[in-house]
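Descriptive structure summary
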Amino acid sequence: MLLHTPSEGAPYALFSLTALVPWHYFSGSLSRVGTSLVSSSHLITKVYFPRLIIPLSGVMSTMVDFAIGFVVLAVLLIAYWVPLTLQVLWLPAFLLLAIITALGFGLWLCRHSTCATAT
């Protein structure tokens, strides 16, 4: 192992991918939300519609990346014969938490940095 982190016998590919898939979703969503209002400022100033739709679309569009990463993770779980436990039922709750956190923090960053000129 690279960092000598205990993985309790889990293969390194599964150990790293289970952390990288949600992190990649969160960082991609945060990046898209932070720049969404600035990049769509021409649309916001011309037509009236709820401004929250643009950052929400940034968060939801990264769900495609998450779904692809999750499918790869599921294939690896099957390939390594890792059984699922009841803890997998927490996945929708943590995904919802990642969506809300990325949207909230991205809107906060947007409001306090470069998006103040666009809104």
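Okay, so let's go over this structure.

Rules used in this analysis
Residues numbered from 1 in each chain as written. Predicted model: local features only at pLDDT ≥ 70, side-chain atom pairs only at ≥ 80, totals over all residues. Heavy atoms only, no water. Helix = DSSP H or I, 4+ residues; strand = E, 2+ residues; numbered from the N terminus. Rg over C-alpha atoms; globule rule 2.2 N^0.38 Å. Buried < 20%, exposed > 50% of the residue type's maximum accessible area, 1.4 Å probe, protein only. Contact = heavy atoms within 4.5 Å. Areas by Shrake-Rupley, 256 points an atom, 1.4 Å probe, with all protein chains shown as cover.

Looking now at the overall build of the chain. What the chain contains, in helices and strands, is four helices and zero strands. Each helix and strand of the chain, placed in order from N terminus to C terminus, yields the pattern α-α-α-α. For a compact globule of 119 residues, the expected C-alpha radius of gyration is about 14 Å, and the chain comes in at 18 Å, more than 25% above that figure. Taken along its principal axes, the extent of the C-alpha atoms in the chain is 55 × 25 × 20 Å. Here the chain, with 119 residues, has 27% of them falling under the buried criterion. Within the chain, counting contacts between residues at least 6 apart in sequence, those at least 24 apart form 77% of the total. Approximately 8,300 Å² of the chain is accessible, and the part contributed by carbon and sulfur atoms is 75%.

Turning our attention to the side chain of S29. For S29, the location among the structural elements is in helix α1 (residues 12–39). The exposure class assigned to S29 is buried, which follows from its relative accessible area of 0%. For S29, the residues in contact, after removing those within four places along its chain, are V59, T62 and A102.

What follows covers unusual backbone geometry. With phi around 55°, W81 is a residue other than glycine that occupies positive phi space. Residue position: W81 is located in the loop between α3 (53–79) and α4 (91–112).

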